[in-house]
Amino acid sequence: MSEPTDNPSTVPRSARPTLSRQIRDGLLRRIVSGELGEGDRLIETKIAIEFGTSQAPVREALRQLEGLGLIDSQPRHGSRVLPFAEQTIREAYIVRAALEETATRLAMLAGTLPFDRLGEAVEEMYRSAQDNDAHGIGLASARFHRHVVQAGGNVLLTRAWEALQIEARTAIALMVTRPKLERVADEHRELLDVMRAGDVEVACRHARDHQWAYADTPHDPYGTPRH
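Residues numbered from 1 in each chain as written. Predicted model: local features only at pLDDT ≥ 70, side-chain atom pairs only at ≥ 80, totals over all residues. Heavy atoms only, no water.

1. Re the overall build of the chain
Then step 1. Summing up its helical and strand segments, the chain has 10 helices and three strands in all.
Then step 2. Scanning the chain from its N terminus toward the C terminus, one meets helices and strands in the order α-β-α-α-β-β-α-α-α-α-α-α-α.
Then step 3. Here the chain, with 227 residues, has 44% of them falling under the buried criterion.
Then step 4. Considering only contacts within the chain whose residues lie at least 6 apart along the sequence, 72% involve residues at least 24 apart.
Then step 5. With an accessible surface of roughly 11800 Å², the chain has 51% of that area assigned to carbon and sulfur atoms. (Helix = DSSP H or I, 4+ residues; strand = E, 2+ residues; numbered from the N terminus. Buried < 20%, exposed > 50% of the residue type's maximum accessible area, 1.4 Å probe, protein only. Contact = heavy atoms within 4.5 Å. Areas by Shrake-Rupley, 256 points an atom, 1.4 Å probe, with all protein chains shown as cover.)

2. Structural notes on the environment of W161
Then step 1. Structurally, W161 is set in helix 7 (residues 155-162).
Then step 2. Counting along the chain gives 61 residues from W161 to E100, while the straight-line C-alpha distance between them is 8.3 Å.
Then step 3. In contact with W161, not counting residues within four places along its chain, are R96, L99, E100, A142, H145, R146, V149 and I166.

3. Brief notes about the sheet that holds strand 2 (residues 71-74)
Then step 1. Pairing in this open sheet of three strands is antiparallel, and the strands run 1-3-2 from one edge to the other. Edge strands, defined here as strands with exactly one partner in the open sheet, are strand 1 (41-42) and strand 2.
Then step 2. Summarising the sheet, strand 2 and strand 3 (residues 78-81) pair through four bridges and their orientation is antiparallel. Residue D72 lies in a different strand from strand 3, and its bridge partner there is R80.
Then step 3. Packed onto the sheet, helix 3 (residues 55-67) meets strand 1, strand 2 and strand 3 and runs at close to 120° relative to strand 2. (Pairing = 2+ DSSP bridges. Axes fitted to C-alpha atoms, helices over the stretch in contact; angles between N-to-C directions.)

4. Quick word on helix 1 (residues 19-33)
Then step 1. Its 15 residues give helix 1 an end-to-end C-alpha distance of 21 Å, which sits within 8% of 21 Å, the value for a rise of 1.5 Å per residue.
Then step 2. The inward-facing, buried residues of helix 1 contact helix 2 (44-51), helix 3, strand 2, strand 3, helix 6 (134-151) and helix 8 (166-177).
Then step 3. Once helix 1 ends, the next one or two residues include G34, with phi positive near 95°. (Expected span 1.5 Å × (residues − 1).)

5. Some remarks on the confidence of the model for the chain
Reading predicted coordinates in detail is not appropriate for stretches of low pLDDT.
Then step 1. Mean pLDDT over the chain works out to 86, with 87% of the residues at or above the 70 mark.
Then step 2. Across the chain, the secondary-structure element scoring lowest on mean pLDDT is helix 8, at 86, and the one scoring highest is helix 5 (residues 115-130), at 98.
Then step 3. Here residues 1-15 is modelled with pLDDT under 50, and outside its nearest four sequence neighbours on either side it reaches 19 contacts, counting other chains as well.
Then step 4. Ignoring residues within four places in sequence, the model shows residues 218-227, a span with pLDDT below 50, making 24 contacts including any to other chains. (pLDDT = per-residue confidence, 0-100.)

As structure tokens, then:
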């Protein structure tokens, strides 16, 4: 059974991520950076020793990485790193665009957008940008969009969105595109301003285009933007 997803709206900033997420994120950085390359084996016992834990959270971390399309796990053969493909980023952001456009429409029509919490997430992004903290800005970005999705009030849509492992995919996108962090905060401020203005169609289009911009961004497998 997988671990429940933490709801950032109820978890203090100081709360540590689950152990399986720490392991997942550590391995993710190595894969995206090229430290772990195509075909490299990921051995549960060795990873467990490295992180000082049992094999259970390692197994969960590997399951999440497989869900992200970064590794392949076969019974009795273990796990191996797959070639990093920008298609894994593109496809996720295309799906996100559709889900978040719909959630924005539902939330705006219902008048349930939590503008205070959205504003707090944006301010957290600006603080992270000042600290050059890409990890922090990724978490704040995911928190912003989770507020919108949950405000839509559609349980099935929320589950589909959570199944994309938004924090992990955001971390991947930030690592391979290396955007200016202040610009990331600016983009969310602009999206919030459009939502506050109250035009449903304009806000939905902006929410969709916000995700499509990342789907259409060229990526390099080792984190150097291509122009």
